[in-house]
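Observations on the model geometry
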Protein chains: 2
Amino acid sequence: MHGLMMSMPLQISSLLRHADRYHGDTQIVSRTVEGGIHRYTYSEAHRRARQLANALGALGVRPADRIGTLAWNGFRHFEIYYATSGSAAICHTINPRLFPEQIVYIVNHAADQYVFFDLTFLKLVEGIAPHCKGVRGWVAMTDKAHMPDSTLDLLCYEDLINGHSDDYTWPEFDENTASSLCYTSGTTGNPKGVLYSHRSTILHAYAAGLPDALNLAARDVVMPVVPMFHANAWSLPYACPLAGCKMVFPGAALDGASVYELFETEKVTMSAGVPTVWLGLLQHVEQHDLRFSTFRRTVIGGSACPPAMIRTFEESYDVQVLHAWGMTEMSPLGTVCTFKSQQANLDREAQYALQAKQGRPIYGVDMKIVDDDGKELPWDGKAFGDLLVRGPWITAEYLGGEGGNPLREDGEGRKWFPTGDVATIDRDGFMQITDRSKDVIKSGGEWISSIDLENTAMAHPAVKEAAVIGVVHPKWDERPLLIVVKKPGAALAREELLQFFQGKVAKWWLPDDVVFVDELPHTATGKVLKTKLREDYKAHKLPGT
Amino acid sequence: MHGLMMSMPLQISSLLRHADRYHGDTQIVSRTVEGGIHRYTYSEAHRRARQLANALGALGVRPADRIGTLAWNGFRHFEIYYATSGSAAICHTINPRLFPEQIVYIVNHAADQYVFFDLTFLKLVEGIAPHCKGVRGWVAMTDKAHMPDSTLDLLCYEDLINGHSDDYTWPEFDENTASSLCYTSGTTGNPKGVLYSHRSTILHAYAAGLPDALNLAARDVVMPVVPMFHANAWSLPYACPLAGCKMVFPGAALDGASVYELFETEKVTMSAGVPTVWLGLLQHVEQHDLRFSTFRRTVIGGSACPPAMIRTFEESYDVQVLHAWGMTEMSPLGTVCTFKSQQANLDREAQYALQAKQGRPIYGVDMKIVDDDGKELPWDGKAFGDLLVRGPWITAEYLGGEGGNPLREDGEGRKWFPTGDVATIDRDGFMQITDRSKDVIKSGGEWISSIDLENTAMAHPAVKEAAVIGVVHPKWDERPLLIVVKKPGAALAREELLQFFQGKVAKWWLPDDVVFVDELPHTATGKVLKTKLREDYKAHKLPGT
């Protein structure tokens, strides 16, 4: 027997329609690539998104067609999000920081019909266009006055929409319809496409708005610093219209001074981004002895947030730090480190220790840690194992079936997505990432966290960068090898560094050897390329073997 | 093309499973009918709900079977919510304040298989049981020691579950499956059954938790004063486990002293209920010069909240009042009066005026006001018309098709549920109820609000109660007739009362006549029975006709 409630599919278009009807006057402010500030309202954004939907139709874009974007956070990117998904096409956000050959692969794999790009990326586009034969048009996200000279026959965004009426009714369709697409940039193999649906996006937006997640109210002024090409900007382009928040888009200017200026002029209350951006912001305000007038909360994710950053934000600037964790395959939100009553009553030092953890799942996400045999490990804050997750906004498979079926089924018939992270979970359900699964060192049946060892090495004043990999060992299967870049001019001996680990990690975790190098290999997004290190050092002979 | 996210139906059981896994230690506290306080955790609630699910199976309860409850807010009622819906049966909450013949009608119409009841309602149950032939068993929600003598062969709740293991895996099924049932008590015709689904309940719970709705965090201690037999206690039995709030159930003791005591001993931060309860609470704290140590927010709905109550809560007790509106057919939440940025900057008096409105819709609910021809009326805060709503947690039809298709379709093919309320909407999207559709007085093609006239009359110091109905008029179709109960011993003449209206309402709204009576007829739930008044006064001759 079915319930007798209205049958209404969850649709992304309804978010913008809601914002238009109930927050029509609320502003969306953008720092533009062309220079200057653009300012309009949800009502105007909705009107222009409908014009763009008509324009896409006129270009021959049909349901399920992929539309690529190479763009910063700004009002036109926001309009593209809604015009594509709202008309049943698919918004494919592409990370412009990837290597050009990766972008070519992604555009062709996704079979993008049109690609919209910010002027910043003109050269990039001119370089890749000859290799993207399937793309029927490249649209410069600007007006006629700013159209660049180009080797390509470009379309102009404003011309495109100006020719079209805003008379457009968002169609209603199956909520499982694909809405948007984002490729993960793995350190091995080709990027894989994560295909979101209207259903997953709306459920995720509801969850993102909750008080113990991003906590979004209509009185908030939100600046998504996290890029819209990076896992839906953590849902903010959806969760902000849902709540009616004023939005402030920083464009390409992510330096501390520019971010600070927008925070102050636009009265930003909440923001979200990766640690690097906040480092720049904190340096700027410290150097100039500045204060935040309205900024009160920041969500930090993407990589682990340094404990010192949490402390500085909270003690020096009265800004609450919400440490969060997720991944492209999770839409991306999984956990947020918000306190329960027990934690709210802890002393401040204990709270800081807790805030270093990535937190507890929002309802909708379930998680567990398992050993090599898939057996669930205890929640004691010590045992660490592969982190598995499940939920209605978590990937079941990649576009085109790339990489095969990623899911693992447990004894109760539940299917779980292996995150590739290794984590602990404490008795209160707070999760902490300790490593990537492929980086963890398996020594004598026990696991050693490469990240813990790297963090310990990095705490030495003479160390600039450190990486730890597992190297084959005849007795223990693998043992840790520490690879270090010294600070310029610093002197540091192998023995002195190993001595530094004493008392900081378990004795059997101590690296078996140290190698000093001039630099470490990195991925396009700045992560240490451990696959390369493992390849380079696979024949490394550890002392005593 | 479908998205490639996990296909996971929304299931009510997952709320309690989530609370168990991530908030297992968090308490649920109940004032019991037997006397004393009961205290346990989400983990224990989950364990006992699984035992009850096994017990229901052993009783022969099958998917889609209806299980009735006649119960206060308490831990066993909470367990029944989850054991029934979680096992694909239907939790049918019955309002014990209805007339016994209405309850008999409801139990039989719903075809309840078993009815669970609190000891308070033993006499009621003994009275109706002979007329409810389809009920296979009556379960007293108590333990063996408290089992009453009865004319019936009762089952005992604790005996029932003690015999069963907690080894039970919640089944997974279509999210549109019916989960729970609640009858509306109209003032005309038989009660009609509203049948919720797992999908509607989960979507509604997400929305309810949002910062601009009930704003529920894991640090909150929530007391649902609104009964669990009244439209899902405004979602709190679902939205609290979702967020991990501590819950405090007041049982049958809703007097000011009892509520206050639990607020203080259990450190309640947030509560929700109808104005009558808060009146009792405020009287108690005022009489005894008390303060609230932790109570900071209250949601008030069910009927319009008197402006003076909002002011007292906020000014004297620093308790934020959230005026809310909804109905059984809406799961029930529709609007909450939370400020946007513009309103947050208003002066306090302007804010109080705004807080008298029922507020703006949570995302998921859309609304509009229309005239007699279905034409949408402007959002100017003045025009009032029939309030229509739509959304995935709003009724499409009643159980058994009672009353026919309630929905109205607009020109764009959208279906809307007519709330039976008449309202204004202002330019910021804040809605205010001005009347019930059937009570509005249609005079010369214009509408007159009976509620506004009644409120004006009630403001006269000699008036105890007032009702305004439309009476047939040869020229104007209808004109208002004011029917008044004077305060004991008060003297009040017709002309004096009419004079009192001058300057307070539009001139053409002035009642054409006044009738003084000893008492007004009421429904079982305390509302003035206007159908009876209209019947009694249909031949009333207005002066000048």
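Below is a short write-up of the structure. (Residues numbered from 1 in each chain as written. Chains lettered and ligands numbered in written order. Predicted model: local features only at pLDDT ≥ 70, side-chain atom pairs only at ≥ 80, totals over all residues. Heavy atoms only, no water.)

A count of helical and extended segments in chain A gives 16 helices and 26 strands. Rg of the C-alpha trace for chain A: 24 Å, near the compact-globule value of 24 Å for 545 residues, within the 12% margin. A principal-axis box enclosing the C-alpha atoms of chain A has dimensions of 75 × 60 × 55 Å. Across the 545 residues in chain A, those meeting the buried criterion constitute 62%. For chain A, the proportion of contacts with a sequence separation of at least 24, taken over those separated by at least 6, is 66%. A total of about 20,200 Å² of accessible surface is found on chain A, and carbon and sulfur atoms cover 50% of it. (Helix = DSSP H or I, 4+ residues; strand = E, 2+ residues; numbered from the N terminus. Rg over C-alpha atoms; globule rule 2.2 N^0.38 Å. Buried < 20%, exposed > 50% of the residue type's maximum accessible area, 1.4 Å probe, protein only. Contact = heavy atoms within 4.5 Å. Areas by Shrake-Rupley, 256 points an atom, 1.4 Å probe, with all protein chains shown as cover.)

As enumerated under the stated definition, the model contains 72 salt bridges over all chains in all. Put simply, arginine 494 of chain A and aspartate 513 of chain A hold a salt bridge, and the shortest N to O gap is 2.9 Å. A residue pair is termed long-range when its members are at least 10 positions apart, and arginine 494 of chain A in helix H15 (residues 494–501) and aspartate 513 of chain A in strand E26 (residues 513–517) qualify at 19 residues. On the accessibility criterion, arginine 494 of chain A (26% relative accessible area) is partly exposed. Overall, the relative accessible area of 9% leaves aspartate 513 of chain A in the buried class. Between glutamate 158 of chain B and arginine 76 of chain B there is a salt bridge, with its nearest N and O atoms 2.8 Å apart. (Salt bridge = Lys/Arg side-chain N within 4 Å of Asp/Glu carboxyl O.)

This part is about the pairing of strand E3 (residues 66–70) of chain B. Residue and element names in this part refer to chain B. Counting buried positions over the 5 residues of E3 gives 5, a clear majority of the element. Across the two faces of E3 the burial is the same, with Arg66, Gly68 and Leu70 and Ile67 and Thr69 all buried. For the crossover that starts at E3, traverses helix H3 (residues 75–86) and ends in the parallel strand E4 (residues 90–93), the hand is right-handed. Where E3 meets strand E5 (residues 112–117), 5 bridges bridge the pair, whose relative direction is parallel. By the bridge assignment, isoleucine 67 is partnered in E5 with tyrosine 114. (Right-handed = clockwise from strand over helix to strand, strands pointing away. Pairing = 2+ DSSP bridges.)

For the rest of this paragraph, the subject is the packing of aromatic side chains. The geometry of an aromatic ring pair is captured by the separation of the ring centres together with the interplanar angle, meaning the angle of the planes. Counted according to the given criterion, the structure contains 49 aromatic pairs over all chains. Ring geometry for phenylalanine 295 of chain A and phenylalanine 313 of chain A: centres 6.3 Å apart, planes at 75 degrees, overall edge-to-face. Taken together, the positions of phenylalanine 295 of chain A in the loop between helix H10 (275–287) and strand E13 (297–300) and phenylalanine 313 of chain A in helix H11 (residues 307–317) put the pair 18 residues apart, joining distant regions of the chain. Just as phenylalanine 295 of chain A is buried, phenylalanine 313 of chain A falls in that class too. Put simply, the rings of Tyr260, Phe263, Trp278, Phe292, Phe295, Phe313 and Tyr317 of chain A touch in pairs and so form one group of aromatic residues. Directly above the ring of tryptophan 416 of chain B sits arginine 390 of chain B, whose terminal nitrogen or CZ lies 5.7 Å from the centroid. (Phe/Tyr/Trp six-rings, centres within 6.5 Å; stacked < 30°, edge-to-face > 60°. Lys NZ or Arg CZ within 6 Å of the ring centre and 35° of its normal.)

A word on the packing of helix H1 (residues 13–23) of chain B against helix H2 (residues 42–58) of chain B. Residue and element names in this part refer to chain B. Two elements in contact, H1 and H2, have axes separated by 8 Å at closest approach and are oriented at 140 degrees. The element H1 and its partner H2 pack so that their crossing is left-handed. For the pair formed by H1 and H2, the contact residues are Leu16, Arg17, Ala19, Asp20 and His23 on the first element and Tyr42, Ser43, Ala45, His46, Ala49 and Arg50 on the second. (Axes fitted to C-alpha atoms, helices over the stretch in contact; angles between N-to-C directions. Left-handed = near helix turned anticlockwise from the far one by under 90°.)

This brings us to the relation of the copies chain A and chain B. If you rotate chain A by 180 degrees and push it 0.0 Å along the axis, it lands on chain B with an RMSD of 0.1 Å. Overall, the copies show the geometry of a two-fold rotation axis. The rotation axis passes nearest to the C-alpha of leucine 210 of chain A in chain A, at a distance of 2.4 Å. Mapped onto chain B, 100% of the interface residues of chain A are again interface residues, and the two copies thus contact each other with one and the same surface. (Least-squares fit on C-alpha atoms with pLDDT ≥ 70 in both.)

For the rest of this paragraph, the subject is unusual backbone geometry. Residues and elements named next belong to chain A. Each neighbour pair has its own omega, and for serine 331 with proline 332 the value is 15 degrees, a cis peptide bond. One can find proline 332 in the loop between strand E14 (320–326) and strand E15 (333–336). A positive phi angle, near 45 degrees, is found at alanine 233, a position not held by glycine. Assignment of secondary structure puts alanine 233 in the loop between strand E10 (221–224) and helix H8 (236–243). Judged by its relative accessible area of 0%, alanine 233 is buried.

Contacts between the two partners involve 87 residues from chain A and, on the opposite side, 87 residues from chain B. Roughly 6,700 Å² of surface becomes buried between chain A and chain B when both sides are summed, with 56% attributable to carbon and sulfur atoms. Where chain A packs against chain B, one counts 12 salt bridges. Note that aspartate 366 of chain B and arginine 17 of chain A form a salt bridge whose closest N and O atoms lie 2.6 Å from each other. Of the residues belonging to the side of chain A that touches chain B, the class tally is 44 nonpolar, 21 polar and 22 charged. (Buried area = accessible area lost by both parts, 1.4 Å probe. Nonpolar A, V, L, I, M, F, W, Y, C, P; charged D, E, K, R; others polar.)

This part is about the side chain of aspartate 435 of chain A. Residue and element names in this part refer to chain A. If you trace the backbone, aspartate 435 turns up in strand E21 (residues 431–436). The side chain of aspartate 435 sits in the buried core without any salt bridge; lysine 530 is the nearest counter-charge, 4.8 Å away. Polar side-chain contacts of aspartate 435 include one of 2.4 Å to the backbone nitrogen of serine 450. Every residue in contact with aspartate 435, bar those within four places of it in the chain, is listed here: Gly420, Asp421, Val422, Val440, Ile448, Ser449, Ser450 and Ile451. (Lys, Arg positive; Asp, Glu negative; His and termini not counted. Polar contact = N/O pair within 3.5 Å; in protein donor to acceptor, adjacent residues only side chain to side chain.)

Here we come to the nonpolar core. Note that soluble globular proteins tend to have their nonpolar side chains buried in a common cluster. Among the nonpolar cores identified, the biggest contains 189 residues, and Leu52, Phe78, Phe116 and Tyr206 of chain A together with Phe78, Phe116 and Tyr206 of chain B are the most heavily contacted of them. Apart from residues no more than four positions distant in its own chain, phenylalanine 116 of chain B is found in contact with Leu52, Leu56, Ile67, Gly68, Thr69, Leu70, Ile80, Val139, Met141, Tyr157 and Leu160 of chain B. Among the nonpolar cores identified, the runner-up in size contains 31 residues, and Ile94, Ala110, Val125 and Trp138 of chain B belong to it. (Core = buried A, V, L, I, M, F, W, Y, C linked by side-chain atoms within 4.5 Å.)

Residues and elements named next belong to chain A. Spatially, the 9 strands line up as an open sheet ordered E2-E1-E11-E10-E12-E13-E14-E15-E16, and their pairing is mixed. Each end of this open sheet is capped by a strand with a single partner; those strands are strand E2 (37–41) and strand E16 (360–361). Across the sheet, H8 is in contact with E10, strand E11 (246–249) and strand E12 (270–273); its angle to E11 comes to roughly 150 degrees.

With that settled, consider the sheet that holds strand E4 (residues 90–93) of chain A. Residues and elements named next belong to chain A. Taken in spatial order, the 7 strands make up an open sheet running E7-E6-E5-E3-E4-E8-E9, and their pairing is mixed. Two strands bound the open sheet, and with one partner strand each, they are strand E7 (155–156) and strand E9 (192–197). Of the pairings in the sheet, the one linking strand E5 (residues 112–117) to strand E6 (residues 137–140) comprises 4 bridges and is parallel in character. Across the sheet, the residue bridging to phenylalanine 116 is valine 139, located in E6.

With that settled, consider the pairing of E13 of chain A. Residue and element names in this part refer to chain A. Residues of E13 alternate between two faces, with Arg297 and Val299 on one and Thr298 and Ile300 on the opposite face, all of them buried. Alignment of E12 against E13, held across 4 bridges, turns out to be parallel. Paired with serine 271 across the two strands is threonine 298, which belongs to E13. For the crossover from E12 across H10 to E13, the handedness is right-handed. Sheet topology note: the E13/E14 ladder contains 4 bridges and is parallel. Bridge pairing links isoleucine 300 to histidine 323 in E14.

Okay, the packing of helix H11 (residues 307–317) of chain B against helix H13 (residues 348–355) of chain B next. Helix-helix packing is described using two parameters, namely the angle between the two axes and the distance between the axes. Residues and elements named next belong to chain B. Contact geometry for H11 and H13: axes closest at 10 Å, N-to-C directions at 135 degrees. With respect to their mutual orientation, H11 and H13 come out oblique. Every pair of crossing elements has a handedness; the one defined by H11 and H13 is right-handed. On H13, the residues touching Ile310, Arg311, Glu314 and Glu315 of H11 are Arg348, Glu349, Tyr352 and Gln355. (Parallel < 35°, antiparallel > 145°, perpendicular 65-115°, else oblique.)

Looking now at H11 of chain A. All names here are of chain A. Along H11, the residues classified as buried are Met309, Ile310, Phe313, Glu314 and Tyr317. For H11, the angular spread of buried residues about the axis comes to 120 degrees, placing them on one side. Looking at H11, the residues exposed on the side facing more than 90 degrees away from the buried face are Pro307, Ala308 and Glu315. Close packing links the buried residues of H11 with H10, E13, E14 and helix H13 (348–355). (Arc of directions from axis to C-beta.)

Right, let's get into the environment of alanine 467 of chain A. All names here are of chain A. Looking at where alanine 467 falls in the secondary structure, it is placed in strand E24 (residues 463–473). As for alanine 467 and serine 331, which are separated by 136 residues in sequence, their C-alpha atoms are 29 Å apart. In this view, alanine 467 contacts Glu454, Leu481, Leu482, Ile483, Leu520, Val528 and Leu533; residues no more than four positions away in its chain are not counted.

It is worth spelling out the state of the cysteines at this point. Residue and element names in this part refer to chain B. This structure, assessed with the given rule, holds 0 disulfides over all chains. Cysteine cysteine 337 remains unbridged, with the sulfur of cysteine 305 as its closest cysteine sulfur at 10 Å. Accessibility expressed as a relative area gives 3% for cysteine 337, which makes it buried. (Disulfide = S-S within 2.5 Å.)

Residues and elements named next belong to chain B. Relative to the assigned elements, arginine 534 resides in helix H16 (residues 530–536). Residue classification places arginine 534 among the partly exposed positions, given a relative accessible area of 23%. It is 9.6 Å that separates the C-alpha atoms of arginine 534 and aspartate 439, two residues lying 95 residues apart in sequence. For arginine 534, the contacting residues outside a window of four places in its chain are Lys438, Asp439 and Ile469.

Take it as geometry only, folks, not as evidence of what the structure does.
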